[in-house]
Amino acid sequence: MHGMLKRLFIGDLLAREDLVGSQVRVCGWVHNIRDVGRIKFLVLRDRTGFIQAVVKAGEAPEWVVEEASKLKLESVVCVDGVLARGKAKEGVEVKVKSIRILSTPVEPLPLEPDTSTGSILATRLNYRWLDLRNPRVTKVFLLESWVAWQFREYYRSQGFVEIFTPKIVAAGTESGAEVFPVIYFGREAFLAQSPQFYKQFAVIGGLERVFEVGPVFRAEPHHTTRHLTEYHSLDIELGFIEGYEDVMDYVEGFFKEMLGNLQRDPQLKPILEEFNVDILVPKEVPRVSIRDAYKILEEEYGKKIPYGEDLDSEAERLLGDYARKHYDSDLIFVTEYPWKVRPFYTMRKEDEPEWTYGFDLLYKGLEVVTGGQREHRYEVLLDNLKDKGLNPESFKFYLDFFKHGAPPHGGAGMGLERIVMQTLGLDNIREARLLPRDPERVTP
RNA sequence: GCCGCGGUAGUAUAGCCUGGCCUAGUAUGCGGGCCUGUCAAGCCCGUGACCCGGGUUCAAAUCCCGGCCGCGGCGCCA
């Protein structure tokens, strides 16, 4: 091998007209082999694209021809050669002068990356390292990475500070969702079902505006296409708010920024094209109180939700449809959820204590964000706990945060995988997670 | 947690309802062969499967029961 040559991503190579005629090095997986006798066409693939490499008997060295004949699908190789214009799809191809096989499959492929998405999801997940090589699947995770990056960028630009809170916690916390117990040096502890208490802690502690990107764990045995037992939560919390509208403004700000960039950025175009989606950036995200939502559902769709009850998933889908029709928006806030369906730390409406300053954001009819203003007054918090039938003793560590000066604050939690799923129109959230965990699956 | 649907070569499927013609078909992969410009390469040969256990029957991939596994809906949630 020529030690001086530097490996370039295929995508970068294809963008470089000036490299035609010069020596290049391409490394990647053997995506396809078309052996036409004395010419072998190798389609090499890396994260960024495909390129055809040509091994022609008589032109390439004898040993290269021999090595090339040992290649299998998904062998890992580096080839050196001259980048030349050719009849290949990409317009250029590599005339191979030297080849190095770095790895060869030791058994037949259980899944071919090219066609993996035609297999059932369970099989794909069992062999996720092969499935992930399917460019369509790769694109899901390129987008997921990008969304998380956008989240960080946006909130940093708004004066938020990134925090890192414990995932091993003492109390089962907040909303009554089931938690996973862990044995912590002989004591019982739990995997965090949300960073809720600790992001409030950080605001009260004086960081004022914080965000976190981290895993959360739910021991709920859901069998649906939109639940995982482990997922990534994008959390924000901010102090000195006038009302929960401030929180919604920041959530709305992020979605508009993110969707706007997604629509504009030419680098992301291949992802949108692959999944055939158009991005709709709303001028304004509608905000309807849940009591108005009851009316809308009944009057426009004949769907009856008992007054004061939570929305079911059908209701959420219908509201998504409503937002699209009447507001030209894929997003819609539902506000003022009933106190009975919200966790104890939610602030109740001053004038109507059976309703709260809590909201959800629906994205294409699926709940992707939950947020609201939190109760920051110690005594009220105590009353609210009792009202929920909870024992203040078990929340002492949390209540103590509020004893020494806590500003009015609020925040929100967003499901990263759900955002990606809804953006690309995936039909199962497991597709939006590299290695999903559900009630039946803990491997690979 | 409750309720439905399903399990055939490595992968994806046909066959199952209406049991026998199934020595289980097809595509792709895999192994071998031919081919000097392929690009879903092509052609020839080969390889390989009825989830497990029990039952009904002259006869079970096919019907029945149990188990295991998978998928989905609901509740709930991000």
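Conventions we followed
Residues numbered from 1 in each chain as written. Chains lettered and ligands numbered in written order. Predicted model: local features only at pLDDT ≥ 70, side-chain atom pairs only at ≥ 80, totals over all residues. Heavy atoms only, no water. Core = buried A, V, L, I, M, F, W, Y, C linked by side-chain atoms within 4.5 Å. Buried < 20%, exposed > 50% of the residue type's maximum accessible area, 1.4 Å probe, protein only. Helix = DSSP H or I, 4+ residues; strand = E, 2+ residues; numbered from the N terminus. Contact = heavy atoms within 4.5 Å. Pairing = 2+ DSSP bridges. Near = heavy atom within 4 Å. Polar contact = N/O pair within 3.5 Å; in protein donor to acceptor, adjacent residues only side chain to side chain. Nonpolar A, V, L, I, M, F, W, Y, C, P; charged D, E, K, R; others polar. 1 Å grid on protein atoms, 1.4 Å probe; cavity = no way out; pocket = protein on both sides within 12 Å on 5 of 7 lines; lining within 4 Å. Points joined across faces, edges and corners; volume = space filled by probe spheres on them.

Caption draft 1: Quick peek at the nonpolar core. Grouped together as the largest cluster of nonpolar side chains are 56 residues, with contacts concentrated most on Tyr-155, Ile-236, Val-251, Phe-255 and Met-414. Looking at this core element by element, the count peaks at 10 residues for helix 7 (residues 244-264). Not counting residues within four places of it along the chain, the set of residues in contact with Phe-255 comprises Gly-260, Leu-331, Leu-361, Tyr-363, Val-368, Val-369, Met-414 and Ile-419. Formed by 23 residues, the second largest nonpolar core is a distinct cluster that contains Leu-13, Leu-44, Val-77 and Val-79.

Caption draft 2: Layout of the environment of Tyr-198. With respect to the helices and strands, Tyr-198 occurs in helix 6 (residues 196-207). With 57 residues separating them along the chain, Tyr-198 and Phe-141 place their C-alpha atoms 28 Å apart. The contacts of Tyr-198, once residues within four sequence positions are left out, are Ile-163, Thr-165, Pro-166, Val-169 and Phe-397.

Caption draft 3: The arrangement of helix 13 (residues 416-424) in detail. For helix 13, the buried fraction is high: nine of the nine residues fall into the buried class. Within helix 13, the full set of buried residues consists of Leu-416, Glu-417, Arg-418, Ile-419, Val-420, Met-421, Gln-422, Thr-423 and Leu-424. Positive phi shows up at Gly-425, right after helix 13, with a value of about 70 degrees.

Caption draft 4: Molecular detail of the environment of Gly-81. As for its placement among the helices and strands, Gly-81 is situated in strand 4 (residues 76-85). Setting aside chain neighbours within four positions, we find Gly-81 in contact with Ser-22, Gln-23, Val-24, Val-94, Lys-95, Val-96 and Lys-97.

Caption draft 5: Local environment of the sheet that holds strand 8 (residues 181-184). Spatially, 7-9-8 is the arrangement adopted by the three strands of the open sheet, whose pairing is antiparallel. Strands at the two margins of the open sheet, each flanked by one partner only, are strand 7 (168-169) and strand 8.

Caption draft 6: Structural detail: the environment of Ile-236. Locating Ile-236 in the fold gives a position in strand 11 (residues 230-239). Sequence separation between Ile-236 and Phe-211 is 25 residues, and the spatial gap between their C-alpha atoms is 4.3 Å. The residues contacting Ile-236, other than those within four sequence positions of it, are Phe-151, Tyr-155, Phe-160, Lys-199, Val-210, Phe-211, Tyr-250, Val-251, Gly-411 and Ala-412.

Caption draft 7: Layout of the protein's contact with RNA strand B. The immediate surroundings of RNA strand B are formed by 50 residues, with Asp-35, His-222, Arg-226, Arg-418 and Asn-428 found nearest. In the interface set of RNA strand B, defined as its atoms within 4 Å of the protein, sugar plus phosphate atoms amount to 50%. Between RNA strand B and the protein, one listed contact pairs a base oxygen with a side-chain N or O atom of Gln-52 at 3.0 Å. Within the side chain of Arg-418, one N or O atom sits 2.5 Å away from a base oxygen of RNA strand B. Here the surface near RNA strand B gets four residues from one element, more than from any other, and that element is strand 15 (residues 366-374). Of the residues that constitute the surface near RNA strand B, the class distribution is 15 nonpolar, 15 polar and 20 charged.

Caption draft 8: Empty space enclosed by the protein, seen in detail. Under the definition given, this model contains one cavity of 30 Å³ or more. Taken as a whole, the largest cavity encloses approximately 40 Å³ of empty space. Around the largest cavity, the lining residues are Val-54, Lys-56, Glu-59, Ala-60, Lys-95, Val-96 and Lys-97. Those elements giving two or more residues to the lining of the largest cavity turn out to be strand 3 (49-56) and strand 5 (92-103). Among the elements that make up the lining of the largest cavity, the one with the highest residue count is strand 5 (three residues). Split into classes, the residues belonging to the lining of the largest cavity amount to three nonpolar, no polar and four charged.

Caption draft 9: Spatial organisation of the layout of surface pockets. By volume, the largest pocket amounts to about 1,200 Å³. Together, 47 residues line the largest pocket, and Arg-218, Tyr-231, Glu-367, Thr-370 and Arg-418 are the ones closest to its centre. Counting only elements with at least two residues in the lining of the largest pocket, the list comes to helix 6, strand 11, helix 10 (313-327), strand 15, strand 16 (409-415) and helix 13. Its residues assigned to classes, the lining of the largest pocket shows 17 nonpolar, 15 polar and 15 charged. Approximately 860 Å³ is the volume found for the second largest pocket. Around the second largest pocket sit 29 residues that line it, and Arg-47, Thr-48, Gly-49, Thr-138 and Leu-142 are the ones nearest its centre. Contributions of two or more residues to the lining of the second largest pocket are made by helix 1 (10-14), strand 1 (23-35), strand 2 (39-46), strand 3, helix 5 (135-157) and helix 8 (269-274). Of all the elements, helix 5 adds the most residues to the lining of the second largest pocket, at seven residues. Tallied by class, residues from the lining of the second largest pocket come to 14 nonpolar, seven polar and eight charged.

By themselves, these observations are geometric and do not establish any function.
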